[in-house]
Amino acid sequence: MELTQKKTKDTTVESFFPLAAREGVNLAWDRFETQVPECGFCESGLSCRDCLQGPCISHPFKGDMNKFGVCGKDKDTFAAHTLLRLAVKGSMSYLDQAFTMTEDLAGKKLKPKNSDQAEKLAKQIQDLSLRVPEACFADFSQALLKVWDTAGIRPEGISRDLIKGAQKLEGGAHSIDQAMLWVFKCALLGGLTEKLLSGLKQAAYETSSSSPVGINLGVLEKEKPNIAIHGFIPPALKAGIAAAAASQGVAVSGVCTEALQPPHVFPQVTNQGSQEIPILTGAVDLIVAGDQGVNPSLQEIARQWQVPVISTETLRKSDPEAAAAKIVADAQRSFETRSAYTRNIPGEKETAQMGFTAQTLAVDSIAKALGSKSIKGAVLLSGGNNVKYSQDNELLAMVDEFLKEDILVLAEGQAGITLAKYGFLNPKAESQAGTGLKSLLTELGSDVPPVIDISLYGVTQFFLDLEKAAGKSLKELPVRAAFCEANSSKEAVMGLCLVAMGVCTYFWPSLPVTGSQSVVTFLNETCAETFGARLHVISRKISGEVKAKTISKELIDGKALSMSGKEWR
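Residues numbered from 1 in each chain as written. Predicted model: local features only at pLDDT ≥ 70, side-chain atom pairs only at ≥ 80, totals over all residues. Heavy atoms only, no water.

Focus: the environment of M494
Rule in force here: Only DSSP runs of H or I with at least four residues qualify as helices, and only runs of E with at least two residues qualify as strands; both kinds are numbered from the N terminus onward. Categorising residues by exposure relies on relative accessible area from a 1.4 Å probe, with only protein chains included: less than 20% of the type maximum marks a residue as buried, more than 50% marks it as exposed, and the intermediate range marks it as partly exposed. Two residues form a contact once any of their heavy atoms are found within 4.5 Å.
One can find M494 in helix α19 (residues 489–501). A relative accessible area of 3% means that M494 is categorised as buried. In the structure, M494 is positioned 304 residues away from G190 in sequence and 7.5 Å away in space, judged by C-alpha atoms. Excluding residues that lie within four positions of it along the chain, M494 makes contacts with Y94, E194, V459, T460 and F483.

Written out as structure tokens, the structure reads:
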């Protein structure tokens with residue numbers, strides 16, 4: 001059967017499945033199975049419920065029947081608007097994080113190391129509400145900005161980009177190409193925000209070295225209370241929890257949250273797809289849950305294990321230090337109350353070297369290696385986990401292939417945490433890296449692992465710095481991006497942004513646009529003509545190994561093999 005597959009490559013996670021079954025706990029994989037078969041109209045972007053007259057579909061197999069929505073939208077508009085909706089929503093996710101951090105700085109809840117730079121960047125972020133300051137584009141080449149200006153997609157600000165873009169979903173008269181340009185305009189505002197946010201973090205935390213981070217379920221403590229931070233929470237509250245917990249002998253770790261907020265390090269218990277598993281160990285005593293990447297299922301599973309869940313929304317107006325002290329005290333009480341629970345903590349634990357920035361990673365050396373062809377290319381791996389694939393399998397297949405082919409692997413976000421579980425972010429780990437890649441890694445430093453995490457550096461900033469160091473546009477460099485197990489609108493935004501910057505990007509699972517040949521053509525042919533890069537919309541089911549070999553072949557030979565199969569017309 002086509003849908004039968006192993007749930008996860010992580011044997012530590014897999015070992016908790018029998019317990020979940022005995023206790024009647026439905027995990028993400030179980031809930032996915034109840035959804036199969038999924039709606040083909042939604043999956044291919046042929047559905048819409050932007051107004052109250054719907055939901056509407058555009059049926060591909062019924063002749064002239066059911067081709068148009070009540071308002072007259074056709075299949076191309078359905079698909080373009082589906083992608084536009086993702087772009088608006090994903091950019092808002094970046095903006096939410098950025099504005100939360102600027103609020104913490106403005107309220108003196110955070111004390112930045114480089115106050116002048118932090119103040120400058122915070123002001124630029126705040127100005128995004130009305131108009132993007134010209135200073136925000138200082139790192140972008142004039143050639144790239146000219147391309148964006150010609151296409152009419154240079155970010156202008158929230159009021160012009162996201163608000164206006166969202167109104168396109170309400171109706172109006174515009175072509176598919178115009179709708180798609182709005183998709184990129186909204187996505188680029190998200191990419192610009194990601195760049196400003198990464199700069200603001202570096203100004204606030206200012207560190208001169210990367211840091212070792214504990215990874216996997218073995219980071220949980222058996223003899224002391226454990227607080228698990230899930231998702232994005234305000235930086236001031238996060239720092240307050242870390243400081244209060246350290247003074248009281250309470251352990252703090254994270255799931256789907258940033259591992260580093262110098263001087264604090266948050267060990268990562270697991271990655272996104274298995275975020276419910278830590279509760280099943282019996283060792284989590286309290287959860288602080290924010291937004292973004294947090295499954296609502298956590299509340300019910302936590303209730304079964306008598307684990308308090310504190311939503312950061314309830315603490316929004318609280319003093320961070322007072323709120324943190326109460327959280328730590330609640331965790332201590334929970335630890336005592338839950339003393340009857342068996343704390344089944346696996347021994348698996350890895351160390352990952354993370355937190356590379358422009359100060360700690362020699363981008364000039366990477367550009368030189370690409371120019372001399374001592375390495376054959378560089379690939380960014382990004383994205384969380386998606387239950388449509390065996391957890392972690394696609395990323396592992398990619399990294400194995402790229403390393404042995406002398407291709408530099410960069411990781412970001414949850415992709416970095418995934419690969420860290422298997423030792424790829426450990427500088428001491430043995431790797432299958434080719435001779436040229438090993439030489440580059442040695443040149444970069446003794447603390448540089450086979451896979452380099454650039455989460456703190458920032459994806460947009462890294463590629464701009466690489467372009468400047470190489471003296472060539474990104475479309476001329478052998479660089480690619482692959483979102484292997486994507487699951488969020490933020491990932492769609494970053495993929496679109498990279499394409500607009502000139503980086504060919506592969507995206508799995510297929511974006512919900514395959515019902516429209518016009519949209520698929522735009523993402524491939526029109527993007528190639530406009531930006532010199534394609535967003536590969538891949539509808540055919542193929543193994544992770546074949547995907548990896550295809551990208552590798554494109555980098556090495558300059559020719560891409562077809563992965564798209566037949567489109568649904």
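A few points about the side chain of H81
As for its placement among the helices and strands, H81 is situated in helix α5 (residues 75–106). Since its relative accessible area comes to 2%, H81 is described here as buried. The residues touching H81, leaving out its near neighbours within four places in the chain, are D50, K73, K168, L169 and H174.

Some words on the pattern of salt bridges
Rule in force here: Counted as salt bridges are all cases of a side-chain nitrogen of Lys or Arg within 4 Å of a carboxyl oxygen of Asp or Glu.
Per the counting criterion, the structure on display carries 27 salt bridges. Notably, a salt bridge pairs R160 with E156, separated by 3.8 Å at the nearest N-O pair. Classification of E156 by relative accessible area gives partly exposed; the value is 21%. One continuous salt-bridge network, built from bridges that share partners, spans R131, E156, R160, D161 and K185.

Things to note about the nonpolar core
To keep it simple, the criterion reads: Here the nonpolar core consists of buried residues drawn from Ala, Val, Leu, Ile, Met, Phe, Trp, Tyr and Cys, with membership extended through side-chain atoms lying within 4.5 Å.
Core analysis: the biggest nonpolar cluster contains 135 residues, and L381 and F463 have the highest contact counts within it. With 17 residues, helix α9 (residues 176–205) is the largest single contributor of residues to this core. By size, the runner-up hydrophobic cluster in this structure holds 27 residues, among which are F16, I279, V284 and A289.

Section: the packing of aromatic side chains
Selection rule: Aromatic rings from Phe, Tyr and Trp, with only the six-membered ring used for Trp, were paired whenever their centres fell within 6.5 Å, and each pair was classed as stacked if the ring planes differed by under 30 degrees, edge-to-face if by over 60, and tilted otherwise.
Taken as a whole and assessed by the stated rule, the structure comprises nine aromatic pairs. Consider the rings of F184 and F522, whose centres lie 6.3 Å apart with planes at 35°: the pair is tilted. One end of the pair, F184, is in helix α9; the other, F522, is in helix α20 (residues 517–531), with 338 residues separating them in the sequence. Each member of the pair, F184 as well as F522, carries the same accessibility label: buried.

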